[in-house]
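# Topology and contacts: notes
If you want the building blocks of each chain, they are given just below.
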Amino acid sequence: MLLCYIVMLRRYDSHRDQILKSGERHQAGGGGGGFSPGERPEDELDLFQYFSSSCYSGFGDGPKGFYGVYSELFQALADQELAAFEASDAAGARTATPPAYPSFGSSDASSAEVFGFYRSWGSFVTHKDFAWADPYNPATAPNRQVRRKMEDENRKARRVQRREYLDNVRELVAFVKKRDKRMVKFQAEEAARRAEQQAAEVARRAAEREERLRRAAEYQEPEWVGAAAASDSEASDAEEEEEEQQQQHYCIV
């Protein structure tokens, strides 16, 4: 049995493409059932056109402006992700929570909204399954071993497309962030605020140091401290005198 399996695997490896691509003739009716290997769906967004300043005109909120164009794009991406989540197995889990995708916002969005958008989309994850990337249709496999090989190849293809999609979205977010005038403004304001805080901290420490020096210069020792020191000195002198007298007494004896 094992020998037969090894022979079959070797046959598969040596005729891989012919076996996988010949699956169509094993389907009932032979028509392929509408399976289009590796073909992107029509609603799959082409992100590369948005990696150029030519996709927008000016920094307005209108349909052709920077904020109008990218607001529409990220809303479309969010809608696709929500649809993919609803269609996935995760949506059926009892504790499943639909993903939240902050909107891009307009040119007058607050700093909290803008920073929240880039924080969320900068770590973007997708719920799409990328089934369209499958190069082979396992339903056409002539036997179980070939079907498993087809499924392995499909999983590899999906992983590649998922990684590419994640990289493209995150790189697009970085591209937009670098050109977002709101970020330029808020970052400048944040830098000024931090510089003001640092200056205030330096001034506070300097004032505290000056106060300590002033108090040290004005310090006067209380009278009772001097009296106690004098008393201790007198007691010490008396003890020394008494010891000296005792030594003289021993010498006389």
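The structure presented is a predicted model; accordingly, all values stated were derived computationally and were not measured.

## Thoughts on the overall build of the protein
Of the regular secondary structure elements, the protein holds seven helices and zero strands. In the protein, the succession of α and β elements from N to C terminus is α-α-α-α-α-α-α. A separation of at least 24 residues holds for 69% of the contacts in the protein among residues at least 6 apart in sequence. When the accessible surface of the protein is summed, it comes to about 17,700 Å², and 51% of that surface belongs to carbon and sulfur atoms.

## Side note on unusual backbone geometry
Despite not being glycine, F130 shows a phi value in the positive range, around 55°. Residue position: F130 is located in the loop between α4 (111-121) and α5 (144-179).

## So, the nonpolar core
Of all hydrophobic cores here, the largest spans 32 residues; its most connected members are Y70, F74, F104, Y118, W121, L172 and V176. Mapped onto this core, the elements with two or more residues apiece are α3 (66-87), α4, α5 and α6 (181-218). Every residue in contact with F104, bar those within four places of it in the chain, is listed here: F66, Y67, Y70, S71, F74, F117, Y118, V176, D180 and R182.

## Remarks on the packing of aromatic side chains
Scanning the model with the defined rule gives 25 aromatic pairs in all. On the numbers, 5.0 Å between centres and 65° between planes, the contact of F74 with W121 is edge-to-face. With F74 in helix α3 and W121 in helix α4, the pair connects residues that are 47 residues apart, well separated along the chain. Neither residue differs from the other here; F74 and W121 are each classed as buried.

## With respect to the packing of α4 against α6
It is at 10 Å that the axes of α4 and α6 come closest, and there the two elements cross at 115°. Relative to α6, the element α4 lies roughly perpendicular. Note that α4 runs across α6; the crossing there is left-handed. For the pair formed by α4 and α6, the contact residues are S111, V114, F115 and Y118 on the first element and R182, M183 and F186 on the second. Partitioning the contact of α4 with α6 into residue classes produces five nonpolar, one polar and one charged.

## Let's talk about the pattern of salt bridges
Following the criterion strictly, the structure yields 13 salt bridges and no others. One salt bridge connects R163 with D167, and the closest N-O pair in it is separated by 3.1 Å. Here D167 and R163 lie together in helix α5, a separation of four residues that amounts to about one turn. Residue class for D167 comes out partly exposed when judged on its relative accessible area of 29%. R204 is the partner of E208 in a salt bridge, and the nearest nitrogen-oxygen pair spans 2.6 Å. Taken together, the residues span about one helical turn, with E208 and R204 both in helix α6 at a distance of four residues. Taking relative accessible area as the criterion, R204 reaches 38% and is therefore assigned partly exposed. Residues joined by salt bridges that share partners form a network here, namely E201, R204, R205 and E208.

## Examining the side chain of N168
Position of N168 among the secondary structure elements: in helix α5. The class for N168 is buried, based on a relative accessible area of 13%. Not counting residues within four places of it along the chain, the set of residues in contact with N168 comprises L47, F48 and F51.

## What about α5?
An ideal rise of 1.5 Å per residue puts 52 Å on 36 residues; α5 measures up with 53 Å between its terminal C-alpha atoms. By the N-cap criterion, in which a side-chain oxygen at the helix start approaches the backbone nitrogen of a residue two or three places on, α5 is capped by N143, the distance to Q145 being 3.2 Å.

Conventions we followed
All residue numbers here refer to positions counted from 1 along the written sequence of the relevant chain. Only residues with pLDDT of at least 70 get local features here, since the model is predicted, and only at 80 or more are side-chain atom pairs given and counted; chain-wide, interface and lining totals rely on the full set of residues. Side-chain metrics in this entry use all non-hydrogen atoms of the structure; hydrogen atoms and water are not considered. Only DSSP runs of H or I covering at least 4 residues are called helices, and only runs of E covering at least 2 are called strands; the numbering of each starts at the N terminus. The contact definition used throughout considers only heavy atoms, calling two residues in contact when any of these lie within 4.5 Å. All accessibility values rest on the Shrake-Rupley procedure with a 1.4 Å probe; residue burial counts only the protein chains present in the view. Here the nonpolar core consists of buried residues drawn from Ala, Val, Leu, Ile, Met, Phe, Trp, Tyr and Cys, with membership extended through side-chain atoms lying within 4.5 Å. Three labels apply to residues, based on accessible area from a 1.4 Å probe with only protein chains included: buried if under 20% of the type maximum, exposed if over 50%, partly exposed otherwise in between. Aromatic contacts are taken between Phe, Tyr and Trp rings whose centres are within 6.5 Å, Trp giving its six-membered ring; a plane angle under 30 degrees counts as stacked, one over 60 as edge-to-face, and the others as tilted. Every angle, taken between N-to-C directions, lies between 0 and 180 degrees, and every axis is a line fitted to C-alpha atoms, over only the stretch in contact when it is a helix. In what follows, roughly perpendicular refers to angles from 65 to 115 degrees, roughly parallel to angles under 35, roughly antiparallel to angles over 145, and oblique to any angle outside these ranges. Helix crossings are classified by the rotation of the near helix relative to the far one: an anticlockwise turn of less than a right angle makes the crossing left-handed, while a clockwise turn makes it right-handed. Classification used: nonpolar for Ala, Val, Leu, Ile, Met, Phe, Trp, Tyr, Cys and Pro, charged for Asp, Glu, Lys and Arg, polar for all others including Gly. For this document, the term salt bridge refers to a Lys or Arg side-chain nitrogen within 4 Å of an Asp or Glu carboxyl oxygen. Here the expected span of a helix is defined as 1.5 Å times the quantity of residues minus one. In the analysis that follows, any N or O atom pair within 3.5 Å is treated as a polar contact, provided that within protein one partner can donate a hydrogen and the other can accept it, and provided that, for residues neighboring in sequence, both atoms belong to side chains.

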